[in-house]
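Coordinates in review
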Amino acid sequence: MGTYCDRCGEADPADAAAHAGCRAARELEPPRYCAHCRRRMKVQVVPTGWTASCVEHGTLDSSAP
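What you see is a predicted model; the values in this text were computed from it and never measured.

Counting residues in each nonpolar core, the largest one holds five residues, listed as Cys-34, Met-41, Trp-50, Ala-52 and Cys-54. The residues touching Cys-34, leaving out its near neighbours within four places in the chain, are Tyr-4, Arg-39, Met-41, Cys-54 and His-57.

Moving on, we get to the sheet that holds strand β2 (residues 49-54). Two orientations exist for strands paired in a sheet by backbone hydrogen bonds: parallel and antiparallel. Taken together, the three strands give an open sheet; going across it, the order is β1-β2-β3, and neighbouring strands pair in antiparallel fashion. For this open sheet the edge positions go to β1 (42-46) and β3 (58-61), each flanked by a neighbour on one side alone. Across this sheet, the average inter-strand angle for adjacent strands is 15 degrees, counted without regard to direction. Strand direction decides the pairing type here: β1 and β2, joined by five bridges, are antiparallel. For Val-45, the partnering residue across the bridge sits in β2 and is Trp-50.

Bringing the pattern of salt bridges into the picture now. Any two side chains of opposite charge can pair if their charged atoms end up close together. Applying the stated rule across the entire model yields four salt bridges. Linking Arg-7 and Glu-29 is a salt bridge whose minimum nitrogen-to-oxygen distance equals 3.3 Å. With Arg-7 in the segment before α1 (20-26) and Glu-29 in the loop between α1 and β1, this residue pair connects regions lying 22 residues apart in the sequence. Note on Glu-29: relative accessible area 30%, which makes it partly exposed. Note that Arg-38 is salt-bridged to Glu-10, the shortest N-O span being 3.5 Å. Residue Arg-38 is found in the loop between α1 and β1, and its partner Glu-10 is found in the segment before α1; the two are separated by 28 residues along the sequence. Residue Glu-10 is classed as partly exposed on the basis of its relative accessible area, which comes to 43%.

Basis of the calculations
- Residues numbered from 1 in each chain as written.
- Predicted model: local features only at pLDDT ≥ 70, side-chain atom pairs only at ≥ 80, totals over all residues.
- Heavy atoms only, no water.
- Core = buried A, V, L, I, M, F, W, Y, C linked by side-chain atoms within 4.5 Å.
- Buried < 20%, exposed > 50% of the residue type's maximum accessible area, 1.4 Å probe, protein only.
- Contact = heavy atoms within 4.5 Å.
- Pairing = 2+ DSSP bridges.
- Helix = DSSP H or I, 4+ residues; strand = E, 2+ residues; numbered from the N terminus.
- Axes fitted to C-alpha atoms, helices over the stretch in contact; angles between N-to-C directions.
- Salt bridge = Lys/Arg side-chain N within 4 Å of Asp/Glu carboxyl O.

Given below as structure tokens:
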């Protein structure tokens, strides 16, 4: 992960237990916030996957590792 949680947008804490719910949800959901700059991303979900775009840092997709 980057500087911010890509699900809730909060600062990514050193205490991983604080974001256990976010990590669990991210197994089924696309990211909603850019982990680098905390901007809300444009997310598109289709039956075959998802894409999430940050205006500053580009696009992620469900096929990315």
